Amino acid sequence: MAVLGELAEALRSGSVEVIDLTAPLVDTTPILLLPEPFANTSRFRLEQLSRYDERGPGWYWNDIHTGEHTGTHLDAPVHWITGRDKGDVAEIAPGRLVAPAAVLDKAGADPDYLLQVDDVKAWQAEHGPLPDGGWLLYRTGWDARAGDQDDFLNADETGPHTPGVSVECARWLAEEAPIIGLGVETVGTDAGAAHSFDPPFPCHSFLLGAGKYGLTQLRNLQLLPPTGALLVTAPLPIVGGSGSPTRVLALVER
Ligand code: MN
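A quick note: this is a predicted structure, and the numbers were derived from the prediction, not measured. (Residues numbered from 1 in each chain as written. Predicted model: local features only at pLDDT ≥ 70, side-chain atom pairs only at ≥ 80, totals over all residues.)

Novice: Can you tell me about the overall build of the protein, naming the residues and giving the values?
Specialist: The number of helices and strands found in the protein is 5 helices and 14 strands. A globule of 254 residues ought to have a C-alpha radius of gyration of about 18 Å, and the protein, at 19 Å, matches this closely. With respect to the three principal axes, the spread of C-alpha positions in the protein is 60 × 55 × 35 Å. Taking as baseline every contact in the protein between residues at least 6 positions apart, the subset at least 24 positions apart corresponds to 74%. (Helix = DSSP H or I, 4+ residues; strand = E, 2+ residues; numbered from the N terminus. Rg over C-alpha atoms; globule rule 2.2 N^0.38 Å. Contact = placed C-beta atoms within 7 Å.)

Shown next, in the form of C-alpha cells:
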C-alpha cells in the first residue's frame with residue numbers, strides 16, 4: 001500500500017524518526033515497593049545458561065526473571081479488581097497497540113503534583129482534542145530519577161512522593177476522554193500518595209475499570225511533540241497476564 005511505502009521511505013531518509021520511550025531492563029531497574037502485608041514484584045534478572053563454554057560451546061543465552069510490572073510496562077484492565085472482566089494483556093487487539101499520542105508537559109512541577117481536569121482542558125484549548133483511541137502521555141521529568149531506586153520512589157516516613165493524577169481527573173480520563181490509556185514516567189500510573197486517595201489508586205481504579213490501559217516508566221517524552229507522534233506499544237502476549245514489560249517506540253515527523 002502506498003502509505004506504507006511512503007512511511008518506509010520517510011524512515012529511511014530520517015524525516016520520520018523512531019524514538020525509544022523504553023527504560024533499559026537491568027537488575028537495578030526500579031520497581032514498586034508495597035508495604036507489608038502486600039506481595040511485591042520481582043526485579044529483572046538474567047540467569048546465564050551458557051556463554052561459549054562447556055554448557056554451550058558455541059552460544060550465549062539466558063533465562064530472564066521478571067515481574068509483569070517491572071520496568072517500562074503496560075497495565076491490562078484485569079490488573080485491577082474494577083477491570084477484572086475486561087481482559088488480560090494477551091487479549092488486547094493488536095490494532096489498539098499502534099496509536100497516536102498526546103504529550104502533556106508538567107515537568108518541573110512539585111513531586112506531589114496531581115494533574116487536574118483543568119490542565120487537560122487547557123492543553124486541549126492549545127492543541128485540540130485528545131486523540132480518539134490514542135494515549136495521553138503525562139510528562140513530569142521523573143525519568144531523570146530512573147537510575148536510582150530511592151530517588152525514583154522518593155519515599156519518606158509518610159510514603160512515596162511522586163507526581164500523579166487527581167481523583168477527579170482520573171475519573172474524567174476514564175469516562176469522558178476518548179483515549180485508550182494513560183502513559184507516565186513514574187513507577188505506576190498513580191501518584192505516590194494515591195494509597196490515601198478516595199478511591200485509592202484512582203487511575204488504576206477508573207481507567208482499568210473502563211477497559212483502558214496504563215503505561216509506566218516511560219522516558220524521552222521530552223523528545224516528542226505535543227501532538228502528532230504515533231506510538232507502537234508492544235507488550236508480550238502473556239496469556240492470563242495482568243501486564244507485561246513493553247517496548248514503546250514513538251514515530252515522530254521531523
Ligand atoms: Mn503496573
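Novice: Any details on the nonpolar core? Residues and values, ideally.
Specialist: Ranked by size, the top nonpolar core spans 46 residues in total, and within it Ala-101, Trp-135, Leu-136, Leu-137, Ala-170, Leu-173 and Leu-207 carry the most contacts. Counting residues per element, this core draws most heavily on strand E5 (residues 98-105), which supplies 5 residues. If we ignore the near neighbours within four places in the chain, the residues touching Leu-136 are Ala-102, Leu-104, Leu-130, Leu-173, Ala-177, Ile-179 and Leu-182. (Core = buried A, V, L, I, M, F, W, Y, C linked by C-beta atoms within 7 Å. Buried ≥ 20, exposed ≤ 12 C-beta atoms within 10 Å, placed from the backbone.)

Novice: Any chance you could break down helix H1 (residues 2-13) for me, citing the residues and the numbers?
Specialist: For H1, with 12 residues, the first-to-last C-alpha span of 16 Å sits near the 16 Å given by 1.5 Å per residue. Of all 12 residues that make up H1, 0 are buried, and the element is exposed over most of its length. Where H1 terminates, the next one or two residues include Gly-14, which has phi positive at roughly 90°. (Expected span 1.5 Å × (residues − 1).)

Novice: So, the pairing of strand E3 (residues 56-65): which residues are in play, and what are the values?
Specialist: Sparse coverage of E3 is indicated by the burial of 0 of its 10 residues. Taken together, strand E2 (residues 45-53) and the strand that follows it, E3, pair antiparallel across an intervening segment of 2 residues. (Pairing = 2+ DSSP bridges.)

Novice: Please give an account of the pairing of strand E14 (residues 243-253) that cites residues and values.
Specialist: Direction of pairing for strand E1 (residues 16-20) relative to E14: antiparallel, over a ladder of 5 bridges. Note that in E14 the partner of Val-16 across the bridge is Glu-253. Where strand E4 (residues 73-75) and E14 come together, 3 bridges link them in antiparallel fashion. When the bridges of E14 are listed, Leu-74 appears paired with Ser-244. Two strands pair when backbone bridges link them, and strand E13 (residues 229-235) and E14 are joined in this way by 6 bridges, in the antiparallel orientation. Across the sheet, the residue bridging to Val-232 is Leu-249, located in E14.

Novice: Outline unusual backbone geometry, listing residues and values.
Specialist: Each neighbour pair has its own omega, and for Glu-36 with Pro-37 the value is 10°, a cis peptide bond. Structurally, Pro-37 is set in the loop between E1 and E2. Of the consecutive residues Asp-198 and Pro-199, the connecting peptide bond is found in the cis state with omega at 0°. The phi dihedral of Phe-201 is positive, around 50°, even though this residue is not glycine. Phe-201 gets classed as buried once you count the C-beta atoms within 10 Å, which come to 20. Of note in the backbone geometry, Gln-217 takes a positive phi value of approximately 55° without being a glycine. On the secondary structure map, Gln-217 appears in the loop between strand E12 (213-216) and E13.

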